[in-house]
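# Working through the structure, step by step
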Amino acid sequence: MPPSTNISTKIMNKHFDYSQREQEIYAQWESSGAFRSSGQGTPYFIPMPPPNITGQLHTGHALGTTLQDILIRYHRMRGDDTLFLPGYDHAGLGAQTKILEAMAQAGIENPTQEQFNEFAAEWTDSTRERITEQLKRLGASADWEQARYTLDEYYQEATAEAFKRLYKAGLIYYNHDDDQWYLKLSELAKPFIKALDDGELKIYPAEAEARLRQTPDGQPLEQAHDWCISRQIMWGHQIPMWGYRNRQTGQTFWSPNQINHIAAATTLGGSAGDWEIGLSPDRLDTWFSSSLWIFAALGWPNQTPDFDRYFPAATLETGWDIMFFWAARMSMMSLALTGQLPFKELYLHGLIRDAKGQKMSKSLGNGTDPLEQAAEYGTDALRWALAAYQEPGRDRALGSDQLDTGRRLANKLWNIGKFIHNDDWYWNEGGIYTDDIREARYPRTGDDLTEWDDALLELEETKHLYHEAIARKDFPAAAQALRSFIYDHISGQLIPAAKGSPGPLTTATLRYIYAETLKMSHPFIPFITEELWDHLGTGRGLLINQQFTRQCLTQDEEDAIISEIINRDIEAFAASIGGDQPNPWELPSALSDTGDEAPLTSLEHLAEAIEATGDKDWLEELWVKTIQSPIPAHRKLELAIEQFGIEDLALDIKDEFGIEFDLTPPAISAEYEDENDPTDFRLHPNYSYAYVAVAPPNGDRSQDITVTIKREDEGVVVDLHSHHDIASLASTWATWGDASDE
């Protein structure tokens, strides 16, 4: 039978050609309308922090854009009504300096305001186009048709309206001594402080709330100095206040309303000729207009459909270094002008530092261009390196080892895809994909548990870990769950199994598991997964538009497989220690005081047997083996307890005889050997791996080392990823395992 016409029959190349295919795939997404909000489902709005129009994006922009895009793609695949709103900030004095430099190069010195405005309009158009292309190269799936700019006409009107409302509320005042406009920040902060007190804002990391309650100089917000919001520059929002100066007395009055000379004389006294009238020449501090971004970009002060549907934003993702200047001030402004916080969650990423731990800057010459890294390693590898090691609020380095890890993962997925694509049985049978694998698997007859049942349970466990990690904004945990599943289960177990047993069960299950893996991987590495989805031949359109699949097993089917797996593991365990009975209540002969196998008729009998042999490891090993079975996390504990009562047995023994068992389930964790030495800890003997952040010897937690620990057949392998000198730290681990700085 020839292949169905609803699938892709393209020949897969040896490698993914990211240099060509990334831009082609992005064009497919954009032309398909995938980035537009659907208007259906739960609204999920993320505002893109508007980059300054002054030019090139840096690695910090790449980090923020990647995390924002992961959340948007994830929620899009959940079926939510996603809006990823892009934009640009006019950048005030910084942009003015760049514009004047460009004008000087063009031979225009000491320009008038009119000349400046005309030149700036053309200059900023070109820089916005360049920034847009850079963000697209990073894979940002933003709705570019709705891109905003802080000097758009409507945004200028919104900024003027905000100023006037705050002025009328007595929060903005003019000082003659230094010819400046000020905002009473301590007053503006009161509703924000109350919102924090009431727990209305979820913050990642939680400890950042203490800093959010302070100004950069450490003052509590209640005691914050008034904010000078005016600047004597040519570029930006002109302060919307009219000045009326009496030529005779020198007095000046300010008003948000414009009136003529006669009205001024009538209202303020004197004759019409006494009054000089003009709009304030000062411009607003850029942070003032930026602090309106989320609600002004949705159409405020007008009650627009977008404002009604999407405000407040679900999440604001930004750098911790501007949490006060932008996140806190925007919260204060929003509460004052809309009565609501502008976002429900605040995620603060750390800074990307160089290999020596220094902040990247032009003056130090240590900056990196993320687009150069994307060109060398592929955008997917860059995105993985940025997200998979990112902990909120912690600065970190971005090195070639992390980029290599991302590239190797993409290559692994590609090679798995090639194996699946070249499945002769699949093509010979017509090549029709389905994610309903029940026909191929059920009804099962007899005792025929296979590796594919284990695989489906491992998939459900990975889904559970992945979705829970994304929900708590734990990007490394989600990435680790994916990477472990791809390497350990698909590549390490399923591909070898598939080679030995081709057929409908193998093909249907493997392709289903792979498709589900591509869906979970897509938010992190969207380009290669989109290409692989096409080669998988689902006939369902672009991967970006797919939704996560419901659990493939019913609860009864899952329980049946879990019971079978537990019984199988217990049989194997009993055989390994000399017993031939699978019942965990049966004491193996090796531990029996009589030398015969005997049922555990009482707690006292068990305690006597353990005390006589001095060996309780078998019960702990049985517990660990049971917990490590491929059972979804939310089902492991209850099923084991429900079937065998192991935990109750252990607790009863402890209470009655004082014998303690270590029944801690294996987890992603590690233990400190010496609590006084933050770099000295050991891997729990029952744990298979750990992923932790370790403080360096100087105790500076802002420079933590990311450590991946794996227990392998030949010992313990430690991977250190840090901006510190790896070689000097590796010796710390040599006492208990092999160290490497892969």
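Numbering of residues begins from 1 in every chain and follows the order in which that chain's sequence is written. Whole-chain, interface and lining totals are the exception, using all residues; otherwise, since this is a predicted model, local features are given only for residues with pLDDT of at least 70 and side-chain atom pairs are given and counted only at 80 or more. Here the side-chain values reflect all heavy atoms present in the structure, with hydrogen atoms and water set aside.

## As for the confidence of the model for the protein chain
Detailed reading of predicted coordinates is not advised where the pLDDT is low. Note the threshold: You can read pLDDT as the predictor saying how much it trusts each residue, on a scale of 0 to 100. Pairs of residues are marked as contacts when any of their non-hydrogen atoms sit within 4.5 Å.
The predicted model of the protein chain averages 77 in pLDDT, with 68% of residues at 70 or higher. The low-confidence segment residues 577-607 (pLDDT under 50) makes 56 contacts with residues lying over four places distant or belonging to another chain.

## Focus: the pairing of strand β6 (residues 180-183)
Regular strands place their side chains on alternate faces of the sheet. Cut-off, in case you're wondering: Only protein chains enter the area calculation, which uses a 1.4 Å probe; residues under 20% of their type maximum are buried, those over 50% are exposed, and those in between are partly exposed. Each helix corresponds to a stretch of at least 4 residues labelled H or I by DSSP, and each strand to a stretch of at least 2 residues labelled E; elements are numbered beginning at the N terminus. Any two strands are treated as partners once DSSP identifies two or more bridges connecting them.
Both faces of β6 are covered, namely the face carrying Q180 and Y182 and the face carrying W181 and L183. Pairing between strand β5 (residues 172-175) and β6: four bridges, direction antiparallel. Counted as the bridge partner of I172 is L183 from β6. With antiparallel pairing between neighbouring strands as the criterion, β5 and β6 make up a hairpin whose turn holds four residues, including D179 at a positive phi of roughly 50°.

## Some details on the packing of aromatic side chains
Here is the rule we go by: Only centres within 6.5 Å qualify two rings of Phe, Tyr or Trp (six-membered ring in Trp) as a pair; their planes then separate them into stacked at under 30 degrees, edge-to-face at over 60, and tilted for everything else. For a ring to carry a charge above it, either NZ of a lysine or CZ of an arginine must fall within 6 Å of the ring centroid while also lying within 35 degrees of the normal to the ring plane.
Tallied over the entire structure, the rule returns 28 aromatic pairs. The interplanar angle of 90° and the centroid separation of 5.5 Å between the aromatic rings of F295 and W300 together place this pair among those described as edge-to-face. No difference in accessibility class separates F295 from W300, as the two residues are buried. Members of the aromatic cluster, connected to one another through ring pairs, are F163, Y167, Y174, W181, W227, W254 and F288. Sitting above the plane of the Y149 ring, R128 keeps its charged end 4.1 Å from the centroid. Here R329 stacks its cationic end above the ring of W227, 3.8 Å away from the centre of that ring.

## With respect to the nonpolar core
Basically, it comes down to this: The criterion is simple. A nonpolar core is a set of buried Ala, Val, Leu, Ile, Met, Phe, Trp, Tyr and Cys residues joined through side-chain atoms within 4.5 Å.
Among the nonpolar cores identified, the biggest contains 100 residues, and W144, W235, Y466, I513 and F524 are the most heavily contacted of them. Look past the residues within four positions of I513 in its chain and what remains in contact with it is A455, L456, L459, F485, I490 and L494. Y174, M241, A297 and L341 belong to the second largest nonpolar core, which has 61 residues in total.

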